[in-house]
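Residue-level structure breakdown
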Amino acid sequence: MRASDVIKRQWALVPLLFILTAFILSMLCIFAGSKRGYLEDADLFTLNTSMLGRTTLDTSKTSSSILKSIKNTVQKDVNEVISDVAKTLGIHDFYSAHILDYCEGYYTPSPFANLTSQPSKNISYCSNQTSFFHFDPAAVIQGELKPGVKLTDLSWPSAIQDGVHAVEDATDVMFVLYSIGATTTGVALIAALVGVRGVWRYSAITCVMLSSLAFGSLLLASSIANIVINKVVSAINEHGNDIGVYAYKGGTFIGMTWAATLLVLVTSFMWSYEFIQQRRGAASLGKEGEYFEEGQ
């Protein structure tokens, strides 16, 4: 094997590593949170309900006997009262939305930060994976509330549901694009492996086309994901803060999806450069052959 061929194969390892990393990241974006302990922090957004119920301490606003009993049964400081209200209602401290499911749990050691400790997530349950999954916080929370308590007793704003339902079609498109992006990235990975082995002359152009398609899909998916996250988080914080509901963007997910998109883009450029070099090499060989025939 010529030294130039060895160098080319070694160079091909770089886009191979990039596309491999992009494939792993795109798959993690899709399947994060699929079970307890599996990338639980890589969520689209987190709904913090640890303070939900603080307005219900004013029992004049509700007819629920359970809510009326809370103020009389809990005699602690204000922060502990709020936490006890949420637990008494039967709900969890947080709900994390993922592409295929949601997870829920409690903050440990408590939902409140202090000088000695910061709250961390302790997942207690993740729902089954579902294609075209739509996280409906109102339905989930209502399903966990103890009998006799309704979301209307907690002054749950309908605007939150309007904001969540408004992006359902976008989340469907996002799921399809992530599926296409992950699939084409995986196929591009196989083509890159073939390119490293040098057993197929058209591997470079194949990798260019596949990585370009993967980039387009992941770029659109990442853009839609950002729009969905921003709209839902904004709707929750705008209308839910008054009743003790807060939402946080999934920074880990956002970083992963854009990293995968960038890596596929760089890979596409690298394979485009390799394809151009191959074309130039073929053209040079053709000219050399013509010169050789003329000299005979």
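The present account deals with the structure reproduced in this document.

Conventions used here
- Residues numbered from 1 in each chain as written.
- Predicted model: local features only at pLDDT ≥ 70, side-chain atom pairs only at ≥ 80, totals over all residues.
- Heavy atoms only, no water.
- Helix = DSSP H or I, 4+ residues; strand = E, 2+ residues; numbered from the N terminus.
- Contact = heavy atoms within 4.5 Å.
- Disulfide = S-S within 2.5 Å.
- Buried < 20%, exposed > 50% of the residue type's maximum accessible area, 1.4 Å probe, protein only.
- Polar contact = N/O pair within 3.5 Å; in protein donor to acceptor, adjacent residues only side chain to side chain.
- Phe/Tyr/Trp six-rings, centres within 6.5 Å; stacked < 30°, edge-to-face > 60°.

1. Let's talk about the side chain of T185
- With respect to the helices and strands, the residue T185 is situated in helix α6 (residues 168-197).
- Not counting the four nearest positions on each side in its chain, T185 is found in contact with I19, A22, F23, A214, L218 and V264.

2. Considerations on the state of the cysteines
- Evaluated as defined, the whole model comprises one disulfide.
- Two residues share a disulfide in this structure: C103 and C126, whose sulfurs sit 2.0 Å from each other. The S-S bond linking C103 to C126 shows a torsion near 105°; that makes this disulfide right-handed. Here C103, found in strand β3 (residues 102-108), pairs with C126, found in strand β4 (residues 120-126); they are 23 residues apart in sequence, far enough to count as distant.
- By relative accessible area, which is 13% here, C126 ends up buried.

3. Comments concerning the side chain of N48
- The residue N48 is located in strand β1 (residues 45-48) in this model.
- We classify N48 as buried; its relative accessible area is 8%.
- For N48, the side chain forms a polar contact with the side chain of S50, separated by 2.7 Å.
- With near-sequence residues (within four places) excluded, N48 lies in contact with D93, F94, Y107, G244, V245, Y246 and Y248.

4. Re the packing of aromatic side chains
- Under the criterion given, the structure shown has seven aromatic pairs.
- Note on F94 and Y107: the rings are 5.0 Å apart at their centroids and 45° apart in plane angle, and the pair reads as tilted. Of this pair, F94 sits in strand β2 (residues 94-97) while Y107 sits in strand β3, and the two are 13 residues apart along the sequence.

5. Points about unusual backbone geometry
- One non-glycine residue, F132, lies in positive phi territory at about 55°.
- Tracing the sequence through the fold places F132 in the loop between β4 and α4 (137-144).
- The exposure class of F132 is partly exposed, given its relative accessible area of 41%.
- Positive phi is not limited to glycine here, since S155 has a value of about 60°.
- With respect to the helices and strands, S155 occurs in the loop between α4 and α5 (158-166).
- Accessibility expressed as a relative area gives 39% for S155, which makes it partly exposed.

6. Notes on the environment of S217
- The residue S217 is located in helix α7 (residues 203-240) in this model.
- A relative accessible area of 5% places S217 in the buried class.
- Remark: the alpha-carbon pair of S217 and T185, spanning 32 residues in sequence, is separated by 9.8 Å.
- Residues contacting S217, with those up to four places away along its chain left out, are L177, I180 and G181.

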